[in-house]
Amino acid sequence: MTHDHDHDHDKDGRAERTLAALPPARGQAFARSWWGRAWLQALEDAALETAAVKAGRRLARGGGVGAVTVRPGRVTAVVRDPGGAAHRADVLLPELSDGEWGRFQDLVVERSGHMAALLDRELPPHLIEDAALAGIELLPGLGDLEPECDCGAWDHCGHTAALCHQVARLLDEDPFLLLLLRGREEDALLTELHVRSTAEPSGVAPAASGVDAAEAWAAADILPPLPKVPGLPPAPGTPPSLTAGSVVAPGIDAAALEHLAGRTAAEASRLLAAILAGDDQGEAGLTAAQDAVRLACGPAPAAVVERLATGSRRGPDGLAAAVRAWRLGGAAALTVLDEEREVEGVALARARAALDAAWEADERPVFRRSGNRWTVVDEGVQLRLGGEGHWWPYREEGDRWVPAGGADPDPATALASARPGAAPAGLLTRRGPGTGTIR
């Protein structure tokens with residue numbers, strides 16, 4: 001979390017926050033959140049010189065940005081060059097008008113989910129999206145980030161770009177800084193929302209309690225409304241046991257059938273949750289070998305694990321690695337595990353640019369590339385480029401490459417999760433006589 005030096009007000013009585021300087025960010029992505037990435041995109045769209053953006057990234061990575069002061073319409077910090085020279089850098093962002101803030105508050109009050117999120121001091125992406133649809137832009141757009149620096153540059157320079165990169169890190173930790181930049185301090189906004197949500201509409205008297213007798217008599221023979229659809233159970237149901245005294249038809253493997261029923265219940269629960277959330281999370285068009293991996297993602301008798309390992313043609317260790325991949329990213333992650341493909345043309349140029357930008361020149365690992373796989377020489381770690389352009393970390397275990405974490409758009413972040421000391425993504429263990437668990 002960010003640490004405030006002070007919660008104060010400027011000379012005009014407006015709220016401001018000063019946040020302590022962050023440590024160097026070597027080998028880390030600057031923006032993990034949706035709003036942090038949008039902030040950096042606004043910088044890249046506004047800067048006329050990409051060299052300034054790269055210089056700012058280097059300064060911020062090296063810890064050259066001091067304490068950051070955030071106030072409505074402006075963010076300020078002292079930025080030090082590698083040689084030690086200090087410059088005051090400011091980035092200005094237009095404030096929202098009172099009318100825009102009023103519309104934003106109406107939007108929040110009208111939707112209970114938005115109100116609950118803000119009261120919990122959360123700023124969910126869908127609230128920012130709904131505000132944008134209503135014409136209220138909380139995130140900066142093209143030309144919104146205006147630079148000012150005492151180095152004399154008229155456009156974004158390395159100092160203002162470094163400040164923007166630091167702000168992206170701060171927004172990752174506290175997105176409410178975005179509201180302060182746009183003109184509303186967090187506590188003041190929550191107070192205004194509380195007043196607006198509890199106020200009676202102007203000129204309208206409170207409704208009388210109770211039900212009018214004539215209306216009640218007229219509605220006496222009307223059926224009551226249907227009950228609400230029940231919520232999704234917290235966990236999928238457990239199928240009946242077929243191995244505890246049940247009579248099973250000849251030729252049926254009771255343990256395998258019981259496991260299949262359990263995995264079917266888990267998949268049905270997942271699909272129903274996705275439907276209720278308005279999301280499409282289906283895994284369409286799986287091959288038999290891919291579906292065997294999906295079925296292996298749960299407690300299973302040893303005999304069932306052996307059948308799935310054989311049926312998928314992976315063997316026990318190969319199935320365990322495939323289960324790791326599936327848990328990290330479904331069929332897409334399994335494709336990255338199984339397939340080596342060529343990367344050419346524009347895709348290769350983008351990959352090389354991402355690798356060059358992820359590390360300082362003297363810190364960049366030495367890679368050996370084969371297709372979409374970049375292996376760090378003599379370290380036993382590897383990056384694989386997925387079809388969506390994200391990087392998947394891999395680690396060498398014995399004579400096999402296994403997934404070491406989820407995909408990340410930043411290769412440095414992905415590689416960090418593959419290096420020794422990072423938690424394993426999942427593994428195959430044996431539990432008790434005659435049973436096994438893939439977790």
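Everything discussed here concerns the structure shown above.
The model shown is predicted, which means the values in this text are computed figures rather than measured ones.

## Considerations on the sheet that holds strand β12 (residues 400-403)
Across a sheet, strands are paired by hydrogen bonds formed along the backbone, either parallel or antiparallel in direction. Spatial ordering of the open sheet is given by β8-β9-β10-β11-β12, a layout of five strands whose pairing is antiparallel. Edge positions in the sheet fall to β8 (367-370) and β12, since each of these pairs with one other strand and no more. Within this sheet the neighbouring strands show an average axis-to-axis angle of 30 degrees, counted without direction. In terms of strand pairing, strand β11 (residues 391-397) meets β12 through four bridges, oriented antiparallel. Bridge pairing in β12 places Glu396 opposite Trp401.

## Topic: the packing of aromatic side chains
By the definition in use, this model includes three aromatic pairs. Considering the side-chain rings of Trp359 and Phe367, the 5.9 Å spacing of their centres and the 50 degrees angle between planes classify their relative orientation as tilted. Its relative accessible area of 8% is what places Trp359 among the buried residues. The ring of Tyr394 carries the charged tip of Arg384 above its face, separated from the ring centre by 3.9 Å.

## Things to note about unusual backbone geometry
Located in the positive-phi region is Arg313, a residue other than glycine, with phi close to 60 degrees. With respect to the secondary-structure elements, Arg313 resides in the loop between α12 (302-311) and α13 (315-338). Phi angles above zero are rare outside glycine, and Asp378 is one such case at about 65 degrees. Here Asp378 is to be found in the loop between β9 (373-376) and β10 (381-385). Judged by its relative accessible area of 80%, Asp378 falls in the exposed class.

## Quick notes on the side chain of Gln166
Mapping Gln166 onto the fold places it in helix α6 (residues 158-173). Its relative accessible area of 1% is what places Gln166 among the buried residues. If sequence neighbours within four positions are ignored, Gln166 has contacts with Leu22, Ala60, Val65 and Val68.

## Quick word on the nonpolar core
Judged by nonpolar contacts, the single largest core of 55 residues is most densely connected at Trp39, Phe104 and Leu138. Looking at this core element by element, the count peaks at eight residues for α6. In terms of nonpolar packing, the next biggest core, distinct from the first, is built from 22 residues, Val304, Val305, Leu308 and Ala333 among them.

## Observations concerning the pattern of salt bridges
Overall, the coordinates contain 14 salt bridges when judged by the stated rule. Between Arg17 and Asp174 there is a salt bridge whose closest N-O contact spans 2.8 Å. One end of the pair, Arg17, is in strand β2 (residues 15-19); the other, Asp174, is in the loop between α6 and α7 (176-181), and 157 residues separate them in sequence. Note on Arg17: relative accessible area 10%, which makes it buried. The class of Asp174 is buried, set by a relative accessible area of 12%. Of the charged contacts, one joins Arg419 and Glu379 as a salt bridge, the two residues approaching to 3.0 Å between their closest N and O atoms. With Arg419 in the loop between α15 (411-418) and β13 (428-430) and Glu379 in the loop between β9 and β10, the pair connects residues that are 40 residues apart, well separated along the chain.

## Quick look at the side chain of Arg314
Turning to its location among the elements, Arg314 is positioned in the loop between α12 and α13. Side-chain polar atoms of Arg314 contact the side chain of Asp338, separated by 2.7 Å. Here Arg314 is in contact with Val293, Ala309, Leu319, Ala322, Leu334, Leu337 and Asp338, once residues within four sequence places are set aside.

What counts, and where the lines are drawn
- Residues numbered from 1 in each chain as written.
- Predicted model: local features only at pLDDT ≥ 70, side-chain atom pairs only at ≥ 80, totals over all residues.
- Heavy atoms only, no water.
- Pairing = 2+ DSSP bridges.
- Helix = DSSP H or I, 4+ residues; strand = E, 2+ residues; numbered from the N terminus.
- Axes fitted to C-alpha atoms, helices over the stretch in contact; angles between N-to-C directions.
- Phe/Tyr/Trp six-rings, centres within 6.5 Å; stacked < 30°, edge-to-face > 60°.
- Buried < 20%, exposed > 50% of the residue type's maximum accessible area, 1.4 Å probe, protein only.
- Lys NZ or Arg CZ within 6 Å of the ring centre and 35° of its normal.
- Contact = heavy atoms within 4.5 Å.
- Core = buried A, V, L, I, M, F, W, Y, C linked by side-chain atoms within 4.5 Å.
- Salt bridge = Lys/Arg side-chain N within 4 Å of Asp/Glu carboxyl O.
- Polar contact = N/O pair within 3.5 Å; in protein donor to acceptor, adjacent residues only side chain to side chain.

Don't take any of this as a statement about function, it's just geometry.
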